[in-house]
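Residue strings, one per chain:
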Amino acid sequence: MVLASAAPGIFSAGLDILEMYQSTPERCVAFWRALQDAWLNLYGSRLITMAAIEGHSPAGGCLLAMSCDYRVMAEGKFQIGLNETKLGIVAPFWFTDVMLNTIGHRETEKALQLGALYSAQQALSIGLVDKVVPLAEVMPTVEGELKNWLQIPAAARVITKTSMRKAVLDRLRSQKEKDAQFFADFINRDSVQKSLGMYIASLQKKKN
Ligand SMILES: CCCCC/C=C/C(=O)SCCNC(=O)CCNC(=O)[C@H](O)C(C)(C)COP(=O)(O)OP(=O)(O)OC[C@H]1O[C@@H](n2cnc3c(N)ncnc32)[C@H](O)[C@@H]1OP(=O)(O)O
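Definitions and cut-offs
- Counting restarts for each chain: residues are numbered from 1 in the order of the written sequence.
- For this predicted model, a pLDDT threshold of at least 70 governs which residues receive local features, and a threshold of 80 or more governs which side-chain atom pairs are given and counted, while totals over whole chains, interfaces and linings are taken from all residues.
- Side-chain measures here rest on the full set of heavy atoms in the structure, leaving out hydrogens and waters.
- UniProt positions are given in the numbering used here, feature names are shortened, and annotations may be inferred rather than shown by experiment.
- Here, nonpolar core means buried Ala, Val, Leu, Ile, Met, Phe, Trp, Tyr and Cys residues that are tied together by side-chain atoms lying within 4.5 Å of each other.
- A 1.4 Å probe rolled over the protein chains alone gives each residue an accessible area, and that area as a share of the maximum for its type sets the label: buried under 20%, exposed over 50%, partly exposed in between.
- Each helix is a run of H or I in the DSSP string that is no shorter than four residues. Each strand is a run of E no shorter than two, and both are numbered from the N terminus.
- In this description, contact between two residues means that some pair of their heavy atoms is separated by no more than 4.5 Å.
- Orientation is described by axes fitted as lines to C-alpha atoms, over the contacting stretch for helices, and by angles from 0 to 180 degrees between their N-to-C directions.
- An angle below 35 degrees is treated as roughly parallel, one above 145 as roughly antiparallel, one from 65 to 115 as roughly perpendicular, and anything else as oblique.
- Residues are grouped as follows: Ala, Val, Leu, Ile, Met, Phe, Trp, Tyr, Cys and Pro are nonpolar; Asp, Glu, Lys and Arg are charged; every other residue, Gly included, is polar.
- Think of it this way: DSSP has to see at least two bridges between two strands before they count as a pair.

Under an unreviewed UniProt entry, the name given to the protein is Enoyl-CoA delta isomerase 1, mitochondrial, and the organism recorded is Branchiostoma lanceolatum. Here is the UniProt Function (unreviewed entry) comment for the protein, exactly as written: "Key enzyme of fatty acid beta-oxidation. Able to isomerize both 3-cis (3Z) and 3-trans (3E) double bonds into the 2-trans (2E) form in a range of enoyl-CoA species, with a preference for (3Z)-enoyl-CoAs over (3E)-enoyl-CoAs. The catalytic efficiency of this enzyme is not affected by the fatty acyl chain length."

Next up, the structure:
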């Protein structure tokens, strides 16, 4: 399975910030459960998963990419990373776990505190992506890599993937409701809503 985007220049802009702003607790919980389930399916997929990152990939977009087995990113101006702290919010523990498994403890600690967004070359240097190529080469590179992975006996690959990812998946599975409730409570704090409001305004201002 290849994750790619139809939007030029944007692999994924992350979660819909408008869903987290001035929403109701009930809607927040439903939104979060949908995200949890989508992620459990992706990270726990038995399929070979690859991200063709042909554009920006902040926050939830970075989570999607990191949850794949392999990442190819376009060189140039695009950025990737978990930038949550820049919005005044905190990456949930399962976002953190996936990043820890991808780039290790020290880089994750820096990346998360700073809300760092990396260029493709920087992402390559810390292991956040596996390959950087010109934009037009992203999809052919993914397809070539997929052919390599498809040569591995499927049962052996799936058992290996499952055992590598089980602890992180189980950690969320065992506390889904608590995590959803935490999200709804946290996101509706006055201070967090204020930060999100300012961030939305800064996105709109950038356009004008
Ligand atoms: C406990 C809490 C945990 C919560 C975990 C949260 C995870 C997340 O994913 S939070 C979302 C983080 N995402 C971002 O910070 C990305 C914000 N967007 C951007 O930086 C840029 O839009 C871009 C780099 C992705 C693309 O830039 P550009 O091509 O210049 O496009 P525009 O900035 O003009 O955006 C077009 C349009 O889309 C709106 N928009 C962008 N991102 C989001 C988003 N994540 N959610 C909702 N809306 C988004 C942007 O405001 C523009 O809207 P209009 O002005 O109405 O056209």
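Read on for the rest.
Draft legend 1. Just the nonpolar core, in detail. Residues Trp32, Trp39, Ile80, Trp94, Met99 and Leu128 are the most contacted members of the largest nonpolar core, which totals 65 residues. Looking at which element gives the most residues to this core, the answer is helix H2 (residues 25-43), with 9 residues. For Trp94, the residues in contact, after removing those within four places along its chain, are Trp32, Leu35, Gln36, Trp39, Leu63, Leu172 and Asp179.

Draft legend 2. A look at the packing of helix H4 (residues 93-103) against helix H8 (residues 154-173). The geometry of H4 relative to H8 is characterised by a closest axis approach of 10 Å and an angle of 175° between their N-to-C directions. Between H4 and H8, the crossing angle belongs to the class labelled roughly antiparallel. Residues Phe93, Trp94, Asp97, Val98 and Asn101 of H4 touch H8, and the partners they reach there are Val168, Arg171 and Leu172. Residue composition of the contact of H4 with H8, by class: 5 nonpolar, 1 polar and 2 charged.

Draft legend 3. Spotlight on the sheet that holds strand E5 (residues 70-74). Reading across the sheet, the 4 strands line up as E1-E3-E5-E8 and stay open at both edges, with parallel pairing between neighbours. Each having just a single partner strand, strand E1 (2-3) and strand E8 (131-133) make up the two edges of the open sheet. Sitting on the sheet, helix H7 (residues 138-150) is in contact with E1, strand E3 (50-53), E5 and E8, with an inclination near 165° to E3.

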